[in-house]
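Coordinates in review
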Amino acid sequence: MGKKLSENLSEKTCAEGVSKADQPKVLALLREAQERDGYVTHQAVERISKQTGFTESEIDGVASFYAMLYLKPVGRFIVRVCASPSCVVNGGGRALEWASEVLGVSDGETTKDGLFTLEAVSCFGRCETAPNVMINEENYGGIDSKEKMRNLIEKLRREAAAREATK
Ligand code: FES
């Protein structure tokens, strides 16, 4: 049986139900599960619930609160297009549209081949190289044309294909 929400009300919470003090442990388990399976599966939520004593809905709540955690399958490459002012005014105003056209998906969708998931995100603190696109953990600055966006995506496609060929 999971801990009740009321047991944690004395502490401030970020994600409803799991105390701030307990969140690093829950987050670490969620990240570990995502690294292993590509996303946070329902089975992982069940397991973490048993491990930590929080209810499944509380674990789901933490996973939903953090943008870097996914509760459904996502692409091998997460293409995060910055939609905040520095990137937009420095030439990235149409970056999401370019990425969407090149990938053939809209914000929040994954390509049919399972390689790319597109996301519009807020500033991630790399404004000096605006306009930025972060792909997985790597930042690519100066993406100020559709051609640069296409070149970047195609480079990743080629790298993924080369990796598959050597398996
Ligand atoms: S505004 Fe895009 S990284 Fe800061």
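On a predicted model such as this, the values are computed, not experimentally measured, just so you know. (Residues numbered from 1 in each chain as written. Predicted model: local features only at pLDDT ≥ 70, side-chain atom pairs only at ≥ 80, totals over all residues.)

1. Looking at the packing of helix H5 (residues 95-103) against helix H6 (residues 146-165)
To describe two helices that pack against each other, one gives the angle between their axes and the distance between the axes. We count it as follows: Here, axes are lines fitted to C-alpha atoms. For helices the fit covers the stretch in contact, and angles between N-to-C directions go from 0 to 180 degrees. Helix and strand assignments come from DSSP, with helices taken as H or I runs of at least 4 residues and strands as E runs of at least 2, each series counted from the N terminus. Note on angle classes: values under 35 degrees are labelled roughly parallel, values over 145 roughly antiparallel, values of 65 to 115 roughly perpendicular, and the remainder oblique. Take the far helix as the reference: if the near one is turned anticlockwise from it by less than a right angle, the crossing is left-handed, and if turned clockwise, right-handed. Here, residues touch in the contact sense if the C-beta positions derived from the backbone fall within 7 Å of one another. In the scheme used here, Gly and all other residues not listed as nonpolar or charged are polar, with Ala, Val, Leu, Ile, Met, Phe, Trp, Tyr, Cys and Pro taken as nonpolar and Asp, Glu, Lys and Arg as charged.
Where H5 meets H6, the axes come as close as 9 Å, and the angle between the chain directions of the two elements is 45°. By the criterion of interaxial angle, the relationship of H5 to H6 is oblique. Relative to H6, the crossing made by H5 is right-handed. Residues Ala95, Trp98, Ala99, Glu101, Val102 and Leu103 of H5 form the contact with H6, whose participating residues are Lys146, Met149, Arg150 and Ile153. The residue inventory of the contact of H5 with H6, partitioned by class, reads 7 nonpolar, no polar and 3 charged.

2. Some points on the domain arrangement of the chain
To be explicit about the condition: A domain assignment, automatic or from a database, supplies the domain bounds used here.
Each domain of the chain was delimited in the assignment, giving domain 1 (5-65) and domain 2 (77-165). Measuring from the centre of the C-alpha atoms in domain 1 to the corresponding centre in domain 2 gives 29 Å.

3. Let's talk about the sheet that holds strand S4 (residues 138-140)
Basically, it comes down to this: Pairing between strands is defined by DSSP: at least two bridges between them are needed.
Across the sheet, which stays open at both edges, the 4 strands sit in the order S2-S1-S3-S4 with mixed pairing between neighbours. If you trace the sheet from one side to the other, it starts and ends with strand S2 (116-121) and S4, each paired once. The mean inter-strand angle of the sheet, taken between neighbouring strand axes irrespective of direction, is 25°. As defined by bridge partners, strand S3 (residues 133-135) adjoins S4 across 3 bridges and the pair is classed as antiparallel. Opposite Met134, over in S4, you have Asn139 as the bridge partner. On top of the sheet, H5 reaches strand S1 (77-82), S2 and S3; it is set at about 170° to S2, its chief contact.

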